[in-house]
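Notes for the structure review
The residues making up each chain are set out below.
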Amino acid sequence: MDAYPEDYISHNLPLILLAGLEADAHDEAGPPEAQYPLLLERGFQVESDIPPVTGQLADNLRNAFLKEDASDAPWNPNGYAGQPGGIGFRLKSIGRSYRLPSRKAELPPTSPISSSEQKNSDITATTRVLHSPISPLTPGSPTFPDGFLTPLWVTKHQNLVPAATVNFFSLTADVNMSSLRDNQLKIEISNLKNMWASSGYKARFIVVLISENGIYPEDLDDRLASIRRAANLDPRSTFVLPPDLSNADLKDFTTSLLSSLQPSVVEYYRDLSKHARRKRNRGSVPPPTVPPTIGTSQTLSLHGWNVRYEFKLGVFAEFRQEMDAAFRNYESAYEILFGQELFESIAGWNPRFNDARLLADSLAIRILRCLLWSGQTTNAVRRWVSHRDRTQDIVNRRGKGTKNYGWSAWEARWSMVMAQLIQRAEIPSFSADVLQNPSRLHESIFAPPEKNLPVNDIALPWELLHHEGYWLDRSAKYSVLRRTLAHKIPVDDRIAPGQTPASKSYMCDTYLVPAPHSEAPDSEHATFDHSGLILDTLKASLEQFSKRQQTRKVERLSLQIAREYVRVGSWSEALNILKPLWPQLTWRSAGWWELMEEFAWTLRECALRMQDNETIIRTDWELLSHVFSPRPGWKYDLHQSLRDLQESKPKPVVVLKAEDVVSCLSASLVFERAEGNVGEPLRVQLTISSCAHSGSTPINISEVKVGFEGSLRPIKLQSDHNIEDNAPYYDIFSVPLRDSAASVDSPTFLSPTSRMTSMIGSTNLTFRPSQTRAFNLTSIPREAGETKIASITLLIEGEKCDIVYAITDIKQRESHWWLETEKGPIPKRIGKDRDTIVCKILPKPPKVRISTLNLRETYYTNENVTLDIQIHNDEDEAAEVTAQIKLFGRPESTRLSWADDAASSEGIVNIGSKNHSTNSISRAMGRLASLAKVALPIRLSDTNDALDFELEISLVYYLVTDMETPISKTMTVDLSFVTPFGAKFQLLPRIHPRPWPNLFALDDSSIENKSVEKPNGLQQKWCLNSKVVSLSSEPLIVKKISLVLIGIQGATSCNISPEVPISPQTPQILPEELRESEFILDIQQLDLDDRRPTTLSLALDIQWRRPGVDEADSSVNNSVTTSSLGVKPFPVSMGEPRVLASAIGNDTLPGMIYLDYTIENPSMHFLTFSFTMEASEQFAFSGPKTTVIQLVPLSRHTVRYNLLSFKQGLWIQPQLVVVDTYFKKTLRVLSTEGMRSDKKGILIWVDANG
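Keep in mind that this is a model prediction, so the values were computed, not measured.

Brief notes about the overall build of the protein chain
Along the backbone of the protein chain there are 25 helices and 56 strands. Each principal axis of the C-alpha atoms in the protein chain carries an extent, and together these give about 190 × 105 × 70 Å. The buried share of the protein chain, taken over its 1250 residues, is 48%. Put simply, 76% of the contacts in the protein chain that link residues at least 6 apart link residues at least 24 apart. In the protein chain, 134 side chains carry a positive charge and 149 a negative one; their mean positions are 5 Å apart.

Describing the side chain of Ser920
For Ser920, the position within the fold is in strand E31 (residues 917-928). Judged by relative accessible area, Ser920 falls into the buried class, the value being 5%.

A look at the domain arrangement of the protein chain
Interface size, as often reported, equals the accessible area lost upon joining of the parts. When the domains of the protein chain are assigned, the result is domain 1 (13-70 + 86-301), domain 2 (638-842), domain 3 (848-977), domain 4 (981-999 + 1011-1132) and domain 5 (1138-1246). Taken residue by residue, the interface counts eleven residues in domain 3 and twelve residues in domain 4. Both sides together, the interface formed by domain 3 and domain 4 hides about 880 Å², and carbon and sulfur atoms give 35% of it. Of all residues in domain 3, Arg856, Tyr860 and Glu863 bury the most surface against domain 4, accounting for 58% of the area lost on that side. Counting the contacts that link domain 3 with domain 4 gives one salt bridge. One salt bridge in this structure joins Glu863 and Arg1106, with 2.8 Å as the shortest N-O distance. At the junction of domain 3 and domain 4, the tally comes to four residue pairs in polar contact (both at pLDDT 80 or more). Secondary structure elements with two or more residues in the side of domain 3 that touches domain 4: strand E26 (859-860) and strand E27 (865-873). A per-class count over the side of domain 3 that touches domain 4 returns three nonpolar, six polar and two charged.

Observations concerning a nonpolar patch on the surface
A cluster of nonpolar side chains, namely Leu460, Trp462 and Tyr470, defines an oily patch on the protein surface of about 310 Å² accessible area. Along the chain, the position of Trp462 falls in the loop between helix H15 (432-435) and helix H16 (468-487).

Description of the sheet that holds strand E53 (residues 1225-1227)
Strand order in the open sheet formed by four strands is E49-E47-E52-E53, and the pairing between neighbours is antiparallel. Pairing within the sheet leaves two strands with one partner each, and these edge strands are strand E49 (1186-1191) and E53. The mean inter-strand angle of the sheet, taken between neighbouring strand axes irrespective of direction, is 30°. In this sheet, E53 lies alongside strand E52 (residues 1215-1220) in antiparallel orientation, the contact comprising three bridges. The residue of E53 that forms the bridge with Val1218 is Leu1227.

A look at the pattern of salt bridges
The tally for this structure, following the rule as stated, stands at 49 salt bridges. Residues Glu344 and Arg397 are paired through a salt bridge, measuring 2.6 Å at the closest nitrogen-oxygen approach. With Glu344 in the loop between helix H11 (323-337) and helix H12 (351-373) and Arg397 in helix H13 (residues 377-398), this pair connects stretches of sequence that are 53 residues apart. You can call Glu344 buried: its relative accessible area is 16%. Judged by relative accessible area, which is 44%, Arg397 ranks as partly exposed.

A look at a negative patch on the surface
Taken together, the side chains of Glu218, Asp219, Asp221 and Asp222 define an acidic patch exposed on the protein surface. Topologically, Glu218 is positioned in helix H8 (residues 217-231). The partly exposed category is assigned to Glu218, whose relative accessible area is 48%.

Some points on the environment of Asn873
Along the chain, the position of Asn873 falls in strand E27. Counting along the chain gives 38 residues from Asn873 to Asp835, while the straight-line C-alpha distance between them is 36 Å. Here Glu875 takes part through its backbone nitrogen, which lies 3.0 Å from a polar atom of the side chain of Asn873.

A word on the side chain of Ser10
Residue position: Ser10 is located in the loop between helix H1 (6-9) and strand E1 (15-19). At a separation of 2.7 Å, a polar atom in the side chain of Ser10 contacts the main-chain carbonyl oxygen of Glu6. Contacts of Ser10, omitting those with residues within four sequence positions, involve Trp75, Glu318, Arg366 and Arg369.

Concerning the packing of aromatic side chains
Tallying each qualifying case throughout the model produces 34 aromatic pairs. Aromatic side chains Tyr334 and Phe338 sit 4.7 Å apart centroid to centroid with 40° between the ring planes, which places their arrangement in the tilted category. Judged by relative accessible area, which is 1%, Tyr334 ranks as buried. Aromatic side chains Tyr470 and Trp471 sit 5.0 Å apart centroid to centroid with 85° between the ring planes, which places their arrangement in the edge-to-face category. The partly exposed category is assigned to Tyr470, whose relative accessible area is 33%. Joined through ring pairs, the aromatic side chains of Trp384, Trp407, Trp410, Trp414, Tyr470 and Trp471 make up one cluster. Over the ring of Trp592 we find Arg552; its NZ or CZ atom is 4.5 Å from the centre of that ring. When the ring centre of Trp898 is taken as reference, the NZ or CZ atom of Arg923 above it lies at 4.2 Å.

Parameters at a glance
Residues numbered from 1 in each chain as written. Predicted model: local features only at pLDDT ≥ 70, side-chain atom pairs only at ≥ 80, totals over all residues. Heavy atoms only, no water. Helix = DSSP H or I, 4+ residues; strand = E, 2+ residues; numbered from the N terminus. Buried < 20%, exposed > 50% of the residue type's maximum accessible area, 1.4 Å probe, protein only. Contact = heavy atoms within 4.5 Å. Lys, Arg positive; Asp, Glu negative; His and termini not counted. Charge placed at Lys NZ, Arg CZ, Asp CG, Glu CD. Domains from an automatic or database assignment. Buried area = accessible area lost by both parts, 1.4 Å probe. Salt bridge = Lys/Arg side-chain N within 4 Å of Asp/Glu carboxyl O. Polar contact = N/O pair within 3.5 Å; in protein donor to acceptor, adjacent residues only side chain to side chain. Nonpolar A, V, L, I, M, F, W, Y, C, P; charged D, E, K, R; others polar. Patch = residues over 30% accessible without salt bridge, like charges linked within 9 Å, V, L, I, M, F, W, Y side chains within 5 Å. Areas by Shrake-Rupley, 256 points an atom, 1.4 Å probe, with all protein chains shown as cover. Pairing = 2+ DSSP bridges. Axes fitted to C-alpha atoms, helices over the stretch in contact; angles between N-to-C directions. Phe/Tyr/Trp six-rings, centres within 6.5 Å; stacked < 30°, edge-to-face > 60°. Lys NZ or Arg CZ within 6 Å of the ring centre and 35° of its normal.

Here you go:
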């Protein structure tokens, strides 16, 4: 905005004068406002004889006021948040004297007055109307007679006429001089006040008295009251400062004082607005002082006066910070200016046309500021575009057109205006907080549209307010166009005035730009620096785009800046800009070849000028690629570029990484198979293609190096110049490789295996443009593991420099394997489902076979398993073999051993961990001849748990011809152990036939044999019923089933009888077959006084074997096995009374049953029981219906009932209720032999046959 008058476009702030302090430096030297007409000749002088107040306090006070100056504050509502009342002020220190502009111009000079009219001269003078010196009605004014407005009017109210003046005086503390000095103050203050009043300006008059140290407070009040009365001062306009104020106190004072001025300042500019509004509403043109008489000039029309008044009203509203009102006035003035009566009526050759354009631009700038002030960013962009379009239209129709440098300069300036407005407005979206937050950086590219836009009003992308860099970039483009159009002006039109031929500057638009002879003079020395303007604008734009990390735009702007430096011959600056960007240029990955080509040629030219050999090679390497368009007349010869370099020592090496450049050569390597074996040939294919321009010279590669990750040795191909290069564009070479004595890899060979001995081959490495060669290579792996292609390095040696092209970032992509066919070499796609740059190297495949001869699908618990493992040596030579057997699973109790008891000294190794255990045995088998075989028997014992095991058979052997290379063979066998039998158990009570001990009888045998302890406690008889089912998948031969007492709790003895089969006996038990048996248990307490309950721990042992083999042969798997089935512990109560039922049928009378109820009292108490037999519809009974039985301690009693069933062949259920009368406890009746029971009671079977 520097091209516009500053006062015309700057934000207006109320002017506050600081009188009586040290004046500003530029004021003493002479202010720029001295250009105001008649300011020095007829300006009103306000001065005082009292010198300015000096001292430290006065200086601090002046600095405190000047810090409140808001001239540089942001143009937004928040910019004056720290100002008093939210309104900023412009503060100016003037000393003691000040000159105000004249309100009226002097009378214009007239023709000599005749003697007859001399007496009427006073009357003539009084009839002329005097106006402001800058009014269009005043002769000599810049706007006379038909001008719209001049920036001097804004200068008058912004820089000359204050809204308030603050006068500072010193109040002396000298008692002897106080009266005299106070009287002088009274006179000076009165004079100054009268001067301001007589000037015609209604600025508020403020007095600040700075007291000296030593004045008593009561004297100070009296003296201050006296000065107020004498000078007729308003108490609200008088302030006194004590001498001992700190900087913080001074800041508070200045803030308070300026805040108190706000209402009067706003009222001051409101009065000026009312005055201008009254003049506008008169609806007539004021008469000029002297009518215009030059040519056909006429006074300003009424519409022109309305433009003036609307502009003035807008400025006064801006003084009051009422931006909405200012916007309406500016908008009204703008529309009137572009109406048919004003702009359209001015000829393009008339100087008033440019004045109207200047006013239109100023109004547009002020409108944009108002919109940005209120946050209407989208409307601001639309207004910016609208003003550009309307100005372009009026210039094309009424002016000198837009095909000249003047219009391009205006376009550049108009874009620059928007950028500067955005900068001064400090839009929240572009604030430092957003720029410094990486997560919000995208929000700083453009401001979002305002929320008050109509719903159907959709903002287009270019209507959004972009950051300053966008507008600066646009300005730079039109500045370049401005220079281009300026240099297209004919030479005759660029000659300075006064020379021959004369300049025809009237044919060019010179609005705010130099004339053609200054814009583009016909000489070597230009008066206008186009390049400097373009560079400054591009750098400012680059800074904004860099802050937002818009990388591609940054690269584009950097290229433009470099090209501009090249234009002016600053090669070093251009190289410093382009060189850092070249390796990471994003255009390379995006495929923007045209831009990248332009970048590369510019960089190469700069590098050639600055003798930067490395940069020259880098650019030549990439420019040689066919993706760029060939440059006419340029010879593409990489080796010639190496020869043309400046020689330097040591010989430089330029390293190019494939991921950072666009290469003229491409190389790839693929494995033929996904897997290979140690010691066996592994084929790989190296493919190199030339991507150079069709007319370029061949590229001679000196060496190709391939490195691998893993155990594969590096491969190095050397150029063999003896091979004739007559091959077609597609060719396949099989290159034999040989071992090198030592590694000669250079430091540039990027491979983890660079220290390993390389495999070397020689072949033709000269590539013509578009030529592709495939090299078949064979390598022999020596170690197992995964190997991966790590790098491919191409070395090109030159006389003065070497080039190393390294491909290190090798990624999976579509791979091909070149094959030779009748039609020539063709590529075949491979590796569809694998990674072709990775190969898994497996150990050498063993030829020793392992087999198991007698492996079964299922084994059973407690079974001793013997496996015969047979080893066959199918190698062509003898081998030293070592076998190791491992058992995985949970074999804590399982034992693994050799069945032949050999190598017992090796022992059994138990390897345990938290999650699993391993049994391991090993044996050195010695030398095994070729085609020989040997058997290894192993045994698994203590297989007590039903589990799944994994048996691993591992062989490690060495061929007698290569004892350093181990070969391994592993075989895994799954062993499943299941339980062969399952069983259910039920403990049933029985009536013991022996009598109980009698407390009233003495056993003589116990007295005679006191040394022999015999059990004399209570006896009980129980029956354990077992139902065994076969869970095996094959028939098994059961030899014996026995019940084993594992443990018994308490002092109790237990005798178990042999098995009593219930189900039919067979030699074999088939799968899922049931076998029922019973075992009788006699339980007796050792001591009669022992009443404690006891618990029986039992187990059912089943001896069985597999069928088909003699049991005497114990060396095989079919020997007798004992499987033990656990029985849950059975508790037996020996001290509680119980009721047992037993039934006997009558052989002669069908349906007749004798039912006995035996009640036992094993306690030491007398117990009474009530018996109640319930009637039933199933049978009739004889016996006591209800009876009471009393039992002495350690006794039992039997009650018999005779039952006669109404029907035969069914189960009847007698209901006998036995209640302990003392404890009120009902005893449950227990069934015995031949009976059943359920929840209701016992069940008796009535046989139909009696």
